Amino acid sequence: LAKALGSKDFYWRVSKNDVHPTKIIKRPSDRFNKWGVEIQNWKTNGSFILVAPSSDTMTRWCTGLSAESWVTKTVNELQKHTDREIRVRHKPRAKGTSGPDAAKLSGLEDFKQAMDGAWAVVTSVSMCAVEAQLAGVPTFCDPKSFAAEVSETDLSKIETPKQADRQPWFNWLAYNQFTEKEIRSGFAYKTL
């Protein structure tokens, strides 16, 4: 999260008894505020839907499908409920890395550019939901996703996406991200 939001510090996601946290716990805004990013107003004039599958490993964990099968199933379901253009953007991978660094190495546009003008972003459990929510682009995700609290999980509602109050979610996510120093000192354990 911290890296996606522009923090120069390296943070580790820490979750108690799960791959990632899924139940929002009320937290203050101090940790989120120190990243110095702004939550954009909701965008309501996007034209296309950006389908952004998670890695194959995470997609299989979450849905039991390969990333390719998930994309096919998702696009087919979306086509039942909308006439909007559907674009698919796979997670970039290059030289043993993925995400923004791999996009740069591969010469691909970064995720912010890819979602510019999007009506919604659809993913299973990808961190791209953080960037989309921050940019004011509604998200659709799997019910097991860390983003389910602020996203719609029913693709039949693609034309009426959820526009939740995101500040409590971002505050909570920030309290699930810790530096190595915070982990070593016991702060992460105490906080969780």
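Anything mentioned here points back to the structure above.
My aim in this report is to walk through the structure given alongside it, one point at a time. Nothing here was measured: the structure is a model prediction, and the numbers come from that model. (Residues numbered from 1 in each chain as written. Predicted model: local features only at pLDDT ≥ 70, side-chain atom pairs only at ≥ 80, totals over all residues. Heavy atoms only, no water.)

Thoughts on the overall build of the chain
Definition in use: Counting from the N terminus, the helices are DSSP H or I runs at least four residues long and the strands are E runs at least two residues long. Exposure categories follow from relative accessible area, calculated using a 1.4 Å probe and restricted to protein chains: below 20% of the type maximum is buried, above 50% is exposed, and the middle band is partly exposed. Here a residue-residue contact requires only that any non-hydrogen atoms of the pair lie within 4.5 Å. Working definition of accessibility: Shrake-Rupley area with a 1.4 Å probe, residue cover restricted to the visible protein chains.
The number of helices and strands found in the chain is 9 helices and 8 strands. Burial statistics for the chain: of 192 residues in total, 47% are counted as buried. By sequence separation, contacts in the chain at least 24 residues apart represent 62% of the contacts at least 6 residues apart. Looking at the chain as shown, the accessible area adds up to about 10300 Å², and 49% of this sits on carbon and sulfur atoms.

As for the nonpolar core
Under the convention used in this document: By nonpolar core we mean a set of buried residues, namely Ala, Val, Leu, Ile, Met, Phe, Trp, Tyr and Cys, connected to one another through side-chain atoms within 4.5 Å.
If you look at the biggest cluster of nonpolar residues, it comprises 18 residues, and the most contacted ones within it are Phe32, Val130, Phe146, Ala147, Trp169, Phe170 and Leu173. Looking at this core element by element, the count peaks at 5 residues for helix H7 (residues 167–174). Apart from residues lying up to four places away in sequence, phenylalanine 146 is in contact with His20, Pro21, Thr22, Val125, Ser126, Met127, Ala129, Val130, Trp169, Trp172 and Leu173.

Digging into the sheet that holds strand S6 (residues 118–122)
Spelled out, the test is: Here a strand pair is declared whenever DSSP counts at least two bridges between the two strands.
Strand order across the open sheet formed by 4 strands is S3-S2-S6-S7, with parallel pairing between neighbours. In this open sheet, the two strands that pair with only one neighbour each are strand S3 (86–88) and strand S7 (139–140). Sheet topology note: the strand S2 (residues 48–51)/S6 ladder contains 4 bridges and is parallel. Residue pairing in the sheet places isoleucine 49 in a bridge with alanine 120 of S6.

Side note on helix H6 (residues 128–135)
Quick reminder: α-helices carry 3.6 residues per turn. Residues three or four places apart thus point the same way. Taking burial as the measure, the 8 residues of H6 include 8 buried ones, the bulk of the element. Buried within H6 are the following residues: Cys128, Ala129, Val130, Glu131, Ala132, Gln133, Leu134 and Ala135. The secondary structure elements touched by the buried residues of H6 are helix H1 (30–33), helix H5 (111–114), S6, S7 and H7. Just beyond H6, the residue with positive phi is glycine 136, at close to 85°.

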